[in-house]
Amino acid sequence: MDALHLLEAQRLERQTELDSAKSKIERNQLGQFATPSLLATSMLEQAKRFLPIGKPIRFLDPAIGTGAFYSALLRVFPNDQIAAARGYEIDPHYGEAARLLWRDRRTEIVIGDFTQAPPPEQDDDKYNLVICNPPYVRHHHLLAEAKKRLQAQTAQIIHMRLSGLAGLYVYFIGIAHAWLQEDGIAGWLIPSEFMDVNYGSAVRQYLTAQVTLLEIHRFDPEEVQFDDALVSSVIVWFRKRKPRPNHEVRFSLGGSIDTPRLHQHVSLETLRQERKWTRFPKRPVRTARSIEPRFRDLFEIKRGIATGANDFFIVDTQRIRQYELPSAFLTPILPSPRYLESDEVLADPNGSPLLKRPLWLLNCDLPEDEVAENYPALWHYFQLGAAQGIKDGYLCRHRTVWYAQDKRTPSPFLCTYMGRPSNDRAANPFRFILNHSRAVAPNVYLNIYPNQMLAQALADRPELKHTIWYSLQNIAVEKLVDEGRVYGGGLYKLEPKELGNLPVGELFDWQQEFLPSIPRQVPLF
Ligand SMILES: C[S@@+](CC[C@H](N)C(=O)[O-])C[C@H]1O[C@@H](n2cnc3c(N)ncnc32)[C@H](O)[C@@H]1O
């Protein structure tokens, strides 16, 4: 084994020790998931193809960890081609270890926050190869102050205001723009989410307007890259140069970076109009159809109730008895889809769902003093919740009274909000439920409320319920997946807006009479 491979073996050993000295929660907070060695090497080999032969390399990894990419850089490029190398690492736990590992090399490892480091002023002092697996820290783990600062910085650097929902990795890309030389190459290993979600639109705009996007390789969600992070990942390559108007981007999927399972070239023009980039390279470019009814023209879709603490607010018969919870504050609620055996929820004459283990939502909007005075048993239960810290949870503390739930009426149709394809349900990750009961639904479902005309028709012709339900169940899986988003491990999610956006032109044969009579212009993007 040569010296560099030996060093890599030592690094991997050290990485395992360092990872196991931390809890998963701690590692999540700073997005500490190392890049597999083989993947880091493939990325550096790919970088080699984008850079002019023999060009001196100024390498930067803004989130270096123990140096997976730096190690690969040393193995892939000749030593005399590496003019400079620098890495940032916020956590000394990894940073000090990296310094020790690479002490005999010319890399400079700065222990500190990359997002707060001042970028070089002169282009020559910047970097022509930025490779990074940035921390996947979700927006709700970013402190409000930090978010504000990051937003201001990216606005200044790439002239874009990033959504408050953007994770830390998005700010890394924006900020690193100031560190990249003109014509320099950047390779980012990031979650694929930005390709589909609303907060990703700024990233998509950046990639199609400010730099020349070269390639996006998406790993197949079923071949998850990181053992311990359930995200589907992409590698995004771009050059810091304004794109030519007729530029095309290579999208690839699955397999390995070198030999992907599928690939396709997509024009920038198409990318600028398409808001779901994960459709490439699997599906054809969409053509704009201006007048086509959408699901939202027939139904209103609302996510189910987010209680803030299901274990506390969703109670079974035993708990009701134990704490003598008053029935006036209990509404039947559906269990999570896992426990819902049938897709048709039948009801007793009172409208209560016929379920093996009925559940109720505890919901009260009376002020605390009134509950204390008039409902001592309920008050006692709320006191227990407060003592457990439920009152201080994110959702509860933003309510006028912490135990009052969102108002949602029961809906006759529901769809599961997320799921995985499973063989016994004809591989459709989403289940459509017909609900005859007055049970409301928790937020693992989408409520599907018929529009006014349809609701009236259902009241007049109850048999229509089944017709509608059958056609919902028959929506082709690809159509739903096309609108929804996919996460690592093949987990699919469908937001209300996404379901609402589903074109229903050819889906339902019963729909014509319930659509608004003058077809309206449907905004496409
Ligand atoms: C996804 S890991 C990647 C580590 C390494 N580059 C690799 O590929 O294996 C991200 C690293 O960024 C570090 N990090 C998190 N926030 C940072 C920040 N603001 N500045 C610099 N490093 C940061 C984490 O501690 C973690 O080691």
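Counting of residues starts from 1 at the beginning of each chain's written sequence and follows it residue by residue. pLDDT decides what is reported in this predicted model: residues at 70 or higher carry local features, side-chain atom pairs at 80 or more are listed and counted, and totals for whole chains, interfaces and linings draw on all residues regardless. In computing side-chain values, all of the structure's heavy atoms are included and hydrogens and water are not.

1. Considerations on the environment of W379
Position of W379 among the secondary structure elements: in helix α14 (residues 376–387). Burial classes: relative accessible area under 20% of the type maximum marks a residue as buried, over 50% as exposed, and values in between as partly exposed (1.4 Å probe, protein chains only). Taking relative accessible area as the criterion, W379 reaches 21% and is therefore assigned partly exposed. For the pair W379 and D369, spaced 10 residues apart in sequence, the C-alpha to C-alpha distance is 9.1 Å. Beyond its immediate sequence surroundings of up to four residues, W379 is in contact with E368, V371 and A372. Going along the chain from the N terminus, every DSSP run of H or I of four or more residues is numbered as a helix, and every run of E of two or more is numbered as a strand. Between two residues, a contact is recorded if the distance between any of their heavy atoms is within 4.5 Å.

2. Thoughts on the site of the ligand
Proximity is defined per residue: any heavy atom of the residue falling within 4 Å of a molecule or strand makes that residue near it. Taken together, 24 residues lie near the ligand, and Q32, T35, A63, E89 and D113 sit nearest. The term polar contact refers here to a pair of N or O atoms within 3.5 Å; inside protein, the definition further demands a hydrogen-donor-capable atom paired with an acceptor-capable atom, and it admits residues adjacent in sequence only when both atoms are side-chain atoms. One nitrogen or oxygen atom from the main chain of A63 is found 2.7 Å from a nitrogen atom belonging to the ligand. In the environment of the ligand, a nitrogen atom lies 3.2 Å from a nitrogen or oxygen atom belonging to the backbone of I90. Per-residue and other accessible areas follow the Shrake-Rupley method at a 1.4 Å probe size, with only the shown protein chains counted as cover for residues. Protein chains bury 97% of the 590 Å² of accessible surface belonging to the ligand in isolation. Looking at the shell around the ligand, the elements with two or more residues in it are α4 (68–76) and β2 (82–89). As a working rule, the residues Ala, Val, Leu, Ile, Met, Phe, Trp, Tyr, Cys and Pro are called nonpolar, Asp, Glu, Lys and Arg charged, and the rest polar, with Gly in that last group. For the shell around the ligand, the per-class residue count stands at 14 nonpolar, six polar and four charged.

3. Here's the deal with the packing of aromatic side chains
Two rings from Phe, Tyr or Trp (for Trp, the six-membered ring) form a pair when their centres sit within 6.5 Å of each other. Planes less than 30 degrees apart are called stacked, planes more than 60 degrees apart edge-to-face, and all others tilted. Applying the stated rule across the entire model yields 25 aromatic pairs. Their ring planes at 75° and their centres at 5.5 Å tell us that Y88 and W179 sit as a pair that is edge-to-face. With Y88 in strand β2 and W179 in the loop between α7 (168–176) and β5 (180–191), this pair connects stretches of sequence that are 91 residues apart. In terms of burial, Y88 and W179 fall into one category: buried. Three or more aromatic residues joined by ring pairs make a cluster, and in this case those are F312, F313, Y323, Y381, F382, W402 and Y403. Two limits define a charge over a ring: the Lys NZ or Arg CZ must be within 6 Å of the ring centre, and within 35 degrees of the ring normal. Directly above the ring of Y417 sits R303, whose terminal nitrogen or CZ lies 3.5 Å from the centroid.

4. Re the sheet that holds strand β14 (residues 359–362)
Consider a sheet: its strands pair through backbone hydrogen bonds, and that pairing is either parallel or antiparallel. Spatially, three strands are ordered β11-β14-β12 in an open sheet, and the strand pairing comes out antiparallel. Pairing within the sheet leaves two strands with one partner each, and these edge strands are β11 (314–316) and β12 (330–333). Between one strand axis and the next, the sheet turns by 45° as a mean value, whatever way the strands run. What makes two strands pair is DSSP finding at least two bridges between them. By the bridge criterion, four bridges tie β12 to β14 in an arrangement that is antiparallel. The partner of P332 across the bridge, within β14, is W360. Axes here refer to lines fitted to C-alpha atoms; in helices the fit is confined to the stretch in contact. Angles between the N-to-C directions go from 0 to 180 degrees.

5. Quick word on the sheet that holds strand β6 (residues 212–218)
Spatially, nine strands are ordered β3-β2-β1-β4-β5-β7-β6-β8-β9 in an open sheet, and the strand pairing comes out mixed. With partners counted over all chains shown, the strands left at the sheet margins are β3 (107–111) and β9 (262–267), one partner each. Sheet twist, expressed as the average angle between the axes of neighbouring strands with direction ignored, equals 15°. Taken together, the six bridges between β6 and strand β7 (residues 233–239) define a ladder with antiparallel strand orientation. Bridging from a neighbouring strand, L213 pairs with F238 of β7.

6. Topic: the pattern of salt bridges
Salt bridge, as used here: a side-chain nitrogen of Lys or Arg that lies within 4 Å of a carboxyl oxygen of Asp or Glu. Going through the model one piece at a time under the given rule, you end up with 17 salt bridges. Put simply, R49 and D258 hold a salt bridge, and the shortest N to O gap is 3.1 Å. Of this pair, R49 sits in helix α3 (residues 37–50) while D258 sits in the loop between β8 (248–253) and β9, and the two are 209 residues apart along the sequence. Here K407 ties to D365 by a salt bridge, and the two come within 3.2 Å at their closest N and O atoms. Of the two residues, K407 sits in the loop between α15 (394–397) and β15 (413–416) while D365 sits in the loop between β14 and α13 (368–374), which places them 42 residues apart along the sequence. Taking relative accessible area as the criterion, D365 reaches 47% and is therefore assigned partly exposed. Via salt bridges that share partners, E8, R11 and R75 belong to a single interconnected network.

Everything listed here is a matter of coordinates, which is why it stays silent on function.
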